[in-house]
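The chain contents come next:
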Amino acid sequence: MNKLVKNSIWILIAVLGASAVGGIALNRGESINALWFITAALCVYAIAYRFYAAWIAATVLIVDETRATPAERLDNGRDFMPTNKWIVFGHHFAAIAGPGPLVGPTLAAQFGYLPGTLWILFGAVLGGCVQDMVTLFLSTRRNARSLGQMARDELGPFGGTAALIGTFAIMIILIAVLGLVVVNAMKHSPWATFTVSATIPIAMITGLYMRHFRPGQVLEASLLGVILLLLSVAGGGLIDEHETLRNLFDHEGLTLAWWIMAYGLAAAILPVWLLLAPRDYLSTYVKLGTITLLAIAIIMLQPDIKMPAITQFIDGTGPIFGGKLFPFVFITIACGAISGFHALIASGTTPKLLTNERDIRMIGYGGMLLESFVAIMAMIAATVLDPGVFFAINSSAGVVGANAVDAVAKISSWGYPVTVEQMQILAQQMGEATLFARTGGAPSLAVGMASIFGSAFGDGMLALWYHFAIMFEAIFILTTLDAGTRVGRFMLQDMLGNIWPKMAETSWLPSVIFTSSLVVAGWGYFLYIGVIDPNGGVNILWPLFGIANQMLAAIALCVATGILIKSDKFKFAWVTGLPLLWLITITTTAALQKIAGADTRIGFFAAANDLTDKLAAGVLPPEKAIVAPQLIFNLQLDAWLTLFFVSLLWLIVFDMLRVCSRYLAGKPVLPLTESPHSPSRLVEEWVRD
């Protein structure tokens, strides 16, 4: 009877989910309620986690909860240390959930709500979650080795070296974009800048509390940290109203960029328990609490989606970024569906903290499902806005004009009416001077979230809700930036360790400082270029970010597929092989368009040549002419980087196919580098107790 009831419940969930997905996909012309999105997401996620993830963990990976993890065997109290599974989940989720699930769906909404929503749902359960869980498992079985090092160990020096270089270079681009988004969100916003800054000492206080003041009292430390975070939001409002104090936190983008670089360096060097882990852990409370509150508000309000299912901009003429629906919707939405950056975390900090293999499914697959749900919430928050308001916030001055009157005229001509008065009133309600041309996706998402919260819980607090949403977004991004910088340090130490073994020691302070500084200098340069770009940096860096991110996911799936085949699991290789094939297709197509495209809004070389001609002809405005040489150089650099990345990807793919074909033919290949089985004393103690 119990089995019959359970089966009936899952059948009902499947039918409800299919109906919701069908309602979203087939709706045309009429407004659709946001509840359809939440229902579809929860049903799809529940079925995928209960059946697909469980099957992969038990049958394909064969997780072993009696096996000691690297955190137990290599515990050094700094980078390797067994950690409570919920804290690890919080750290992992906070680290992977960067700008992608927030900004990607917001930007991709220029195509309409339908393409992005379908990609978020099915890209996650079939691709992103699988990549995260499999990579975490493989790294855990290999002493928490990085993705690039696993590629070198399993594929050989040729493909492995390409993967090492590629993953590190790609990661530098990814972190730069994370920094750019948070700079755009905090620029000339004292409220947001104070609140985000306050999260750093709050995290350190929480870390010291759990480590020294009250060891093991996780609940106490959590309550303390969350209360302080909420007070920091209210404190930001008081700072913003004080004439003298607000000037201390009112900064240009470049100043904020330098401070973010300093934070990234500190996060990479300081012990993980002092800043990184508690900050990510506390961030998870804010993130989960905010997303839960947003879901409750949506259920209460049941708002209608105002953006069309598909807009005219699927032809590539969109004002936010250039490019047609295929392949750029799959490039623009990365972290909400599948993200290579996650593979760096799953083979970087997380396996060094994982106490037991049984938690891999929850942390790897479940963490990515939660991020995908964040992306669905972001899509709803962006598309419940009037389309005219959405495009006014996200379109740069270079596209619609610097003058508010010109901007609204241009946007209204597209069929999405908006007025100057409407935008002025909205800015006043949000506590901002203006909302025109606030590119990057974060401000428009904050406006959408504040509108939903305000309608549900009180319109009189719109400014508070807006800045709470900004803090929520900035925390998302900075926790990925700090974890990414630390992972970059691990990767660089791995690479330099091949030359001088001492450099690979993660506890040797000179190596830690040297490699951390190099990583920050790398992404700091691209952040600087994005900040000085008159168009807000999004047009230059976001497409490169998306392409690089998905290429990194393809590299991770290459390594995973190769290891599965070498582990005599050829019949299961499709689990990683099919998403790999899709990613190769979309990344190669997008890369070729960005390199060779004649449209100046798409092709890097075309844009560089156009800017060069305008500079020579003297037709550029003075402020743009000053930075034009740097922008030209960086457009060309982006083009060569894209060519470099796609070349590396194909080198790795061919090397993986070479290794697999040799193995299947019975020819010698490098042996598996899985560490020997070692019984977990933590499990034994648990059983004894």
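Residues numbered from 1 in each chain as written. Predicted model: local features only at pLDDT ≥ 70, side-chain atom pairs only at ≥ 80, totals over all residues. Heavy atoms only, no water.

*Asks:* Is there a simple way to think about helix α21 (residues 442-457) in this case?
*Replies:* Along an α-helix, residues three or four positions apart point the same way, because every turn accommodates 3.6 residues. Taking 1.5 Å per residue as the helical rise, α21 with its 16 residues ought to reach 22 Å, and the 22 Å between its terminal C-alpha atoms agrees with that figure. Of all the 16 residues making up α21, 13 are buried; the element is thus mostly covered by neighbouring parts of the structure. At the exit of α21 stands Gly458, carrying a positive phi of roughly 135°. (Helix = DSSP H or I, 4+ residues; strand = E, 2+ residues; numbered from the N terminus. Expected span 1.5 Å × (residues − 1). Buried < 20%, exposed > 50% of the residue type's maximum accessible area, 1.4 Å probe, protein only.)

*Asks:* So what exactly am I meant to see when it comes to the packing of aromatic side chains here?
*Replies:* What characterises a pair of aromatic rings is the spacing of the ring centres plus the angle enclosed by the ring planes. Applying the stated rule across the entire model yields 29 aromatic pairs. Ring centres of Phe313 and Tyr416 lie 6.4 Å apart, and the angle between their planes is 50°; on these two criteria the pair is classed as tilted. Taken together, the positions of Phe313 in the loop between β2 (304-305) and α14 (325-332) and Tyr416 in the loop between α19 (404-413) and α20 (420-429) put the pair 103 residues apart, joining distant regions of the chain. The pair Phe313 / Tyr416 is uniform in exposure class, with both members buried. Considering the side-chain rings of Trp500 and Trp508, the 5.6 Å spacing of their centres and the 80° angle between planes classify their relative orientation as edge-to-face. Using a relative accessible area of 24% as the deciding quantity, one classes Trp508 as partly exposed. (Phe/Tyr/Trp six-rings, centres within 6.5 Å; stacked < 30°, edge-to-face > 60°.)

*Asks:* When you look at the confidence of the model for the protein chain in this model, what are you seeing that I'm missing?
*Replies:* Do not read the predicted coordinates in detail wherever pLDDT is low. On average, residues of the protein chain carry a pLDDT of 86, and 96% of them reach 70 or more. Per-residue pLDDT stays below 50 along residues 685-689; that stretch engages in zero contacts with residues further than four places along the chain or on separate chains. (pLDDT = per-residue confidence, 0-100. Contact = heavy atoms within 4.5 Å.)

*Asks:* For this particular structure, what's the right way to read the environment of Asn498?
*Replies:* Mapped onto the elements of the fold, Asn498 is located in the loop between α22 (462-497) and α23 (509-532). You can call Asn498 partly exposed: its relative accessible area is 41%. Sequence-wise, Asn498 and Gln149 are 349 residues apart; in three dimensions their C-alpha atoms are separated by 10.0 Å. Ignoring anything within four residues of it in the chain, the contact list for Asn498 reads Gln149, Arg152 and Leu164.

*Asks:* Help me understand the pattern of salt bridges in this model?
*Replies:* A side chain with one charge can pair with a side chain of the opposite charge if their charged atoms come near. All told, the structure shown has eleven salt bridges when counted by the stated rule. Arg67 is the partner of Glu674 in a salt bridge, and the nearest nitrogen-oxygen pair spans 3.4 Å. Linking Glu674 in the loop between α27 (622-664) and α28 (681-688) with Arg67 in the loop between α2 (35-61) and α3 (70-73), this pair joins segments that are 607 residues apart in sequence. Glu674 gets classed as partly exposed once you look at its relative accessible area, which sits at 35%. Salt-bridge contacts for Asp610 lead to Lys614; the nearest nitrogen and oxygen are separated by 3.3 Å. Pair noted here: Asp610 and Lys614 are both in helix α26 (residues 604-617), with a separation of four residues, about one helical turn. What makes Lys614 partly exposed here is its relative accessible area of 36%. One network of salt bridges, with partners in common, ties together Arg67, Arg141, Glu357 and Glu674. (Salt bridge = Lys/Arg side-chain N within 4 Å of Asp/Glu carboxyl O.)

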